[in-house]
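Residues per chain, in single letters:
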Amino acid sequence: EAQVTQNPRYLITVTGKKLTVTCSQNMNHEYMSWYRQDPGLGLRQIYYSMNVEVTDKGDVPEGYKVSRKEKRNFPLILESPSPNQTSLYFCASSLLGTGWNEQFFGPGTRLTVL
Amino acid sequence: AQTVTQSQPEMSVQEAETVTLSCTYDTSESNYYLFWYKQPPSRQMILVIRQEAYKQQNATENRFSVNFQKAAKSFSLKISDSQLGDTAMYFCAFVTGNQFYFGTGTSLTVIP
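Residues numbered from 1 in each chain as written. Chains lettered and ligands numbered in written order. Predicted model: local features only at pLDDT ≥ 70, side-chain atom pairs only at ≥ 80, totals over all residues. Heavy atoms only, no water.

Q: It is not clear to me how the overall build of chain B should be interpreted in this structure. Could you clarify?
A: When helices and strands are tallied, chain B shows 0 helices and 12 strands. The secondary structure elements of chain B, listed N-terminal to C-terminal, are β-β-β-β-β-β-β-β-β-β-β-β. Taken over the C-alpha trace, chain B has a radius of gyration of 13 Å; the compact-globule value for 112 residues is 13 Å, and the two agree within 12%. Out of the 112 residues in chain B, the part that is buried amounts to 49%. (Helix = DSSP H or I, 4+ residues; strand = E, 2+ residues; numbered from the N terminus. Rg over C-alpha atoms; globule rule 2.2 N^0.38 Å. Buried < 20%, exposed > 50% of the residue type's maximum accessible area, 1.4 Å probe, protein only.)

Here you go:
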């Protein structure tokens, strides 16, 4: 089944404790992206990647890191989480071609930073 | 700056009726794509419809259609014959360059 998976689905952590949210897709998509969703703010793009070893900042990259060492994986790293990073996080992927195709989203990760 | 505005935070519609969700956007780019995504209570993001900005013809997917007015930078979504399963948050979005921009969403409730 074609899908984007994220782990963990729920995470409660404390300020300053490094964490990684994994994202994996099995569709051989070149484009992958991370978003955060907050009430009243919609979805905001954190980072995106056009292919292996190619990453770029979105609108809200502060406090986050990413890496793209393999085509299928795009982990989101919070080196020192803070309470303002409490949010719902989505990973997404898309096939690149002539124009922009549908983004397939993961199920989301609910992160709470105390 | 690239922005997407959804001016209706909440809307409701009677089952089987038609409803239109509004969306305006701002970009100085000429090449972009527009999307409507649906997020039901399960939180899963589902593509509803996609529009290429260089195409004048409005996209249609079954009961869902858009009214794309490029000069006005408007991209509204019309849902015909509303069904209970259409109850969800709806997000308007566009992509230009390689970056995506989403609106703040419209929460739609279909009333039986």
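Q: Teacher, can you tell me more about the state of the cysteines here?
A: With the rule as written, the count across this model stands at 2 disulfides over all chains. Linked covalently through their sulfurs, Cys23(A) and Cys91(A) form a disulfide whose S-S length is 1.8 Å. Taking the sign of the torsion about the S-S bond as the criterion, the disulfide between Cys23(A) and Cys91(A), at about -70°, is left-handed. Taken as a pair, Cys23(A) in strand β3 (residues 19–25) and Cys91(A) in strand β9 (residues 87–94) lie far apart in primary sequence, 68 residues in all. For the residue pair Cys23(A) and Cys91(A), the accessibility class agrees, reading buried in each case. Between the sulfur atoms of Cys23(B) and its disulfide partner Cys92(B) the distance amounts to 2.0 Å. Across the S-S bond of Cys23(B) and Cys92(B) the torsion is about -65°, and the bridge reads as left-handed. (Disulfide = S-S within 2.5 Å.)

Q: I would appreciate a short explanation of the interface of chain B and chain A in the present structure.
A: Interface size is often expressed as the accessible area that is lost when the parts come together. Taken together, the contact pairs 19 residues of chain B with 28 residues of chain A. When the buried surface of chain B facing chain A is broken down by residue, Arg43(B), Asn98(B) and Phe100(B) rank first, second and third, together holding 33% of it. Taken together, the links from chain B to chain A amount to 0 salt bridges. If you look at where chain B meets chain A, you find 7 residue pairs in polar contact (both at pLDDT 80 or more). (Contact = heavy atoms within 4.5 Å. Buried area = accessible area lost by both parts, 1.4 Å probe. Salt bridge = Lys/Arg side-chain N within 4 Å of Asp/Glu carboxyl O. Polar contact = N/O pair within 3.5 Å; in protein donor to acceptor, adjacent residues only side chain to side chain.)

Q: What is the right way to read the nonpolar core from this model?
A: One recurring pattern in soluble globular proteins is that nonpolar side chains are buried together. Grouped together as the largest cluster of nonpolar side chains are 26 residues, with contacts concentrated most on Tyr25(B), Trp36(B), Phe75(B), Leu77(B) and Tyr90(B). Going through the elements one at a time, β3 (19–21), β5 (33–39), β6 (46–52), β8 (64–69), β9 (74–79), β10 (88–96) and β12 (106–111) of chain B are the ones with two or more residues in this core. With 4 residues, the single largest contributor to this core is β10(B). With 19 residues, the next largest nonpolar core counts Met32(A), Trp34(A), Val66(A) and Leu76(A) among its residues. (Core = buried A, V, L, I, M, F, W, Y, C linked by side-chain atoms within 4.5 Å.)

Q: Before we go on, may I ask you to explain the pattern of salt bridges in this structure?
A: For side chains of opposite charge, pairing can occur when their charged atoms come near one another. The full count for this structure, using the stated rule, is 7 salt bridges over all chains. Arg44(A) is paired through a salt bridge with Asp38(A); the nearest N and O atoms lie 2.9 Å apart. Arg44(A) sits in the partly exposed class, given a relative accessible area of 25%. For Asp38(A), a relative accessible area of 11% gives the class buried. Residues Asp26(B) and Lys73(B) are paired through a salt bridge, measuring 3.4 Å at the closest nitrogen-oxygen approach.

Q: So what exactly am I meant to see when it comes to unusual backbone geometry here?
A: Phi is mostly negative for residues that are not glycine, and the peptide bonds are mostly trans. Note that the residue after Asn7(A), namely Pro8(A), is joined by a cis bond; omega there is -5°. By the element assignment, Pro8(A) lies in the loop between β1 (4–7) and β2 (10–13). Its identity as a non-glycine residue notwithstanding, Asn28(A) has a phi of 60°, on the positive side. Within the element layout of this structure, Asn28(A) appears in the loop between β3 and β4 (31–38). The backbone of Asn62(B) shows a phi angle near 55°, a positive value even though the residue is not glycine.

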